[in-house]
Amino acid sequence: MKKNDLSLYIHIPFCVRKCLYCDFLSGPADARGRDAYMQALLLELESYRNHPLAKRNITTVFIGGGTPSLLTEEQIEALFAKLKDVFFLEEDCEITIEMNPGTVTKQKIDCYLKVGINRFSIGLQSPHDALLKTLGRIHTYKQFLETYHMLRAAGADNINIDLMSALPGQTVQMYCEGLRKVLELSPEHISAYSLIVEEGTPFYEKYNNKCNDLPGEEEDRLMYECTGEILHDAGYERYEISNYAKEGFSSRHNSVYWERGEYLGIGLGSASFTDRCRYKNTSNLKEYIDAWNAGNGASVQRMEEERLTGEDEMEEFMFLGLRMMKGVSGEKFCEQFGVMPEEVFGSEIEKLIQQRLIQRDVESGRISLTKSGIDVSNYVFEHFLL
Ligand code: SF4
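Note that the structure is predicted; figures quoted are calculated from it, not measured. Every chain's residues receive numbers from 1 upward, in the order its sequence appears when written. Where totals are concerned, whole chains, interfaces and linings use all residues; where local detail is concerned, this predicted model gives features only for residues with pLDDT of at least 70, and gives and counts side-chain atom pairs only at 80 or more.

## Comments concerning the nonpolar core
Here's step 1: Defined on buried residues, the nonpolar core groups Ala, Val, Leu, Ile, Met, Phe, Trp, Tyr and Cys residues joined through C-beta atoms within 7 Å. Once C-beta atoms are placed from the backbone, each residue is buried if 20 or more other C-beta atoms lie within 10 Å of its own, exposed if 12 or fewer, and partly exposed for counts between those two. By size, the foremost hydrophobic cluster in this structure holds 69 residues, and its most contacted members are Leu8, Ile122 and Leu163.
Here's step 2: Once C-beta atoms have been placed from the backbone, residue pairs whose C-beta atoms lie within 7 Å are recorded as contacts. Each residue touching leucine 8, except ones within four places of it in the same chain, is listed here: Ile58, Val61, Phe87, Tyr263, Leu264 and Ile266.
Here's step 3: By size, the runner-up hydrophobic cluster in this structure holds 15 residues, among which are Met318, Leu322, Val328 and Phe384.

## What to know about the site of the ligand
Here's step 1: Defining nearness, a residue is near a molecule or strand when the C-beta atom obtained from its backbone falls within 6 Å of it. Every residue lining the ligand is accounted for by Cys15, Lys18, Cys19, Cys22, Phe24, Ser26, Gly65, Gly66, Thr67, Asn100 and Gly123.
Here's step 2: When the residues that make up the shell around the ligand are grouped by side-chain class, the tally is four nonpolar, six polar and one charged. Any residue outside Ala, Val, Leu, Ile, Met, Phe, Trp, Tyr, Cys, Pro, Asp, Glu, Lys and Arg is labelled polar, Gly included; the first ten of those are nonpolar and the last four are charged.

## Some points on the domain arrangement of the protein chain
Here's step 1: All domain edges in this entry derive from an automatic or database-based domain assignment. Along its sequence, the protein chain is organised into domain 1 (5-258) and domain 2 (310-382).
Here's step 2: Listed per partner, the contact involves seven residues of domain 1 and eight residues of domain 2.
Here's step 3: Residue assignment for the side of domain 1 that touches domain 2 shows that the elements contributing at least two residues are strand S7 (237-240) and helix H9 (252-258).
Here's step 4: What counts as a helix is a DSSP run of H or I of at least four residues, what counts as a strand is a run of E of at least two, and both are numbered from the N terminus. Tallying contributions element by element places S7 first for the side of domain 1 that touches domain 2, with three residues.

## Topic: the environment of glycine 265
Here's step 1: Relative to the helices and strands, glycine 265 is located in strand S9 (residues 263-266).
Here's step 2: Residue class for glycine 265 comes out buried when judged on the 23 C-beta atoms lying within 10 Å of it.
Here's step 3: Look past the residues within four positions of glycine 265 in its chain and what remains in contact with it is Tyr9, His11, Ser270, Ala271, Ser272, Lys280 and Asn281.

Put into structure tokens, the structure is as follows:
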């Protein structure tokens, strides 16, 4: 990562309908509502025209949601016309779009490729239709396959598939069979997360603390272990706790988050990290659209601004960096903070090494999670809070 590099995240908060487990900033909206949002989003992009951030090198763009594949071709074209007009996108910029089966057409895919999108992230979650129904997903496995094959036929050569484990009624065997089935497609990247029952979702009402058919902790752990083994055997490298890629296909955008690179969030509720500050846009859709239309967009930006102290930065460096299997580099830590991690976290590091939860590579000095450390990663991260 070079000093002048910057990543962009663009949030599209619309979905056909809300999945039953989802607590993301997303929801249904009609065509008019989506149009009004996109107009506001273009105004927000325009507002950066003379901003110092627009002089930076954009190395990755991530269009996330929600369901960005709900946008029409015209909306995607307008978004990219503005994006390229205001910002400088590097020639080999990684540009990802998230998509959900059931919302993608061949025309849309042609449009994505035409504007320069080169990475495609499909929300599958499970190849079992019964589980997709339980999750409240809008699509079937067959519709996912149609989307996947359409992408391949159009020439897409960098595809991620999102999968979930520890789903209601899912057994370890079922999960592993499903994973193997998806691997037959040979995607370049797999993100595999355990279901977390989040407060405020219909799943929370149904499953929280109730006698239910959610897999237990041991099954959850087994599914995670199997994911690592099956994907390793199939030639994927786990490069982050929940992310696996074929060689050369790890997500550059997500690595920016873990390596504390700078990024700018555009759109509803989007978070940014620039100049040692973390801040975000409003999460209120009406407020966002009204403010930009009234020429007062600045009032819905830089909210919850937090200027990081040196201690905050050291903590982040450790617990974000440890999410990656390569771990953290003592040298890089020293370059940034003028001290080695051992001088700040010495006793915690020694304790965790003794507990075999982290390890230090003798040659490189890098510190990383061990296999047991991955299982209790949150416990490990807590040790780096100053
Ligand atoms: S498609 Fe994704 S963002 Fe939309 S409701 Fe479902 S999980 Fe949430």
